[in-house]
Amino acid sequence: MPLKDYDKKRDFSSTSEPDSRGKPPGTKKEGGLAFVVQKHYASHLHYDFRLELEGVLKSWAVPKGPNLDPANKHLAVMVEDHPFDYKDFSGIIPEGNYGAGKVEIWDKGTYHSLNEEDRVGSEEEVKAGLEKGHITIIMKGSRLNGEFALIKLKKSRGNNWLLIKKNDEYAVRGWKIDSDKKPDDVKKN
Ligand code: MN
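Owing to the predicted nature of the structure, the values given are computational and were not obtained by experimental measurement.

Calculation rules
Residues numbered from 1 in each chain as written. Predicted model: local features only at pLDDT ≥ 70, side-chain atom pairs only at ≥ 80, totals over all residues. Heavy atoms only, no water. Helix = DSSP H or I, 4+ residues; strand = E, 2+ residues; numbered from the N terminus. Rg over C-alpha atoms; globule rule 2.2 N^0.38 Å. Buried < 20%, exposed > 50% of the residue type's maximum accessible area, 1.4 Å probe, protein only. Areas by Shrake-Rupley, 256 points an atom, 1.4 Å probe, with all protein chains shown as cover. Lys, Arg positive; Asp, Glu negative; His and termini not counted. Charge placed at Lys NZ, Arg CZ, Asp CG, Glu CD. Pairing = 2+ DSSP bridges. Contact = heavy atoms within 4.5 Å. Salt bridge = Lys/Arg side-chain N within 4 Å of Asp/Glu carboxyl O. Phe/Tyr/Trp six-rings, centres within 6.5 Å; stacked < 30°, edge-to-face > 60°.

1. A word on the overall build of the protein
- Secondary structure assignment for the protein yields two helices and nine strands.
- What you see in the protein, going N to C, is helices and strands ordered as α-β-β-β-β-β-β-α-β-β-β.
- Expected size for 189 residues packed as a compact globule is a radius of gyration near 16 Å; at 16 Å, the protein falls within 12% of this value.
- Viewed in the frame of its principal axes, the protein has a C-alpha envelope of about 45 × 40 × 35 Å.
- Going through the 189 residues of the protein one by one, you find that 49% of them count as buried.
- Counting every atom, the protein has about 9,800 Å² of accessible surface; 51% of that belongs to carbon and sulfur.
- For the protein, the distance from the average position of its 33 positive side-chain charges to the average position of its 31 negative side-chain charges is 4 Å.

So this is what it looks like as structure tokens:
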């Protein structure tokens, strides 16, 4: 029951978020692994960074959001796995529900691991990375492209990671999320 924590936190009679109860893990099974970044106007604005892995979305809450400047290492707190269908979710989580507030899709696309381009090899490499607390991926999205790393903070004991843009042709020195010109909701592009 990999999504038990996800289901437990939510009342599906009240929220329109995907209900994973009784459903097998989802996946599109071919092509690249999916990623999504959602801008979540909850009690504290944050960005949810999610990577498809074995039919679910491994998830991190990133208070300051992803950054294209390699100098800015942003905290990413690992949270419960989300169902695969969550990659398409946007809308309003009603008041009184967990995470109440608006959710927009800030970026979506595909990713693979640093050394393996195909889905099976990438999943193996990312799984190993999760265990050792260091994941390196290549992203192909509207906003996020190229190499990113997620590095677990070993001293913090909890689920604190850093999300870091690696220095490549997609890195942008001085980039700030608030001055980004693209519309917030990439589905409208
Ligand atoms: Mn969130």
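2. Remarks on the pairing of strand 6 (residues 101-113)
- Where strand 1 (residues 33-41) meets strand 6, nine bridges bridge the pair, whose relative direction is antiparallel. Looking across to strand 6, one finds that Y41 is bridged to K102.
- Pairing of strand 5 (residues 91-93) with strand 6, which is carried by three bridges, proceeds in the antiparallel orientation. Bridging from a neighbouring strand, I92 pairs with K102 of strand 6.
- Bridge count for strand 6 against strand 7 (residues 134-141) is five bridges, and the pairing is antiparallel. The residue bridging Y111 from the neighbouring strand is M139, located in strand 7.

3. Description of the environment of I164
- Its location among the elements puts I164 in strand 9 (residues 160-165).
- Residue I164 is classed as buried on the basis of its relative accessible area, which comes to 10%.
- With residues up to four places along the chain from it excluded, the contact list for I164 reads P70, K73, E147, F148, A149 and I151.

4. A look at the environment of E147
- Checked against the element boundaries, E147 lands in strand 8 (residues 145-152).
- The spatial distance from the C-alpha of E147 to the C-alpha of S113 is 9.2 Å, given a sequence separation of 34 residues.
- In contact with E147, other than residues within four places in its own chain, are L114, T136, I137, I138, I164, K165, K166 and D168.

5. A short note on the pattern of salt bridges
- The full count for this structure, using the stated rule, is 16 salt bridges.
- Across the pair D19 and R21 runs a salt bridge, and its minimum N-O distance is 2.7 Å.
- K166 serves as the salt-bridge partner of E147, at 3.8 Å between the closest nitrogen and oxygen. Linking E147 in strand 8 with K166 in the segment after strand 9, this pair joins segments that are 19 residues apart in sequence.
- Judged by its relative accessible area of 29%, K166 is partly exposed.
- The network of salt bridges with shared partners includes K9, R10, E17 and E80.

6. Observations concerning the packing of aromatic side chains
- Applying the stated criterion to the full structure yields seven aromatic pairs.
- Ring centres of Y6 and F12 lie 6.0 Å apart, and the angle between their planes is 35°; on these two criteria the pair is classed as tilted. F12 matches Y6 in its accessibility class, with the two residues each being buried.
- Ring plane angle 70° and centroid distance 6.4 Å describe the contact between F49 and W60, whose orientation is recorded as edge-to-face.

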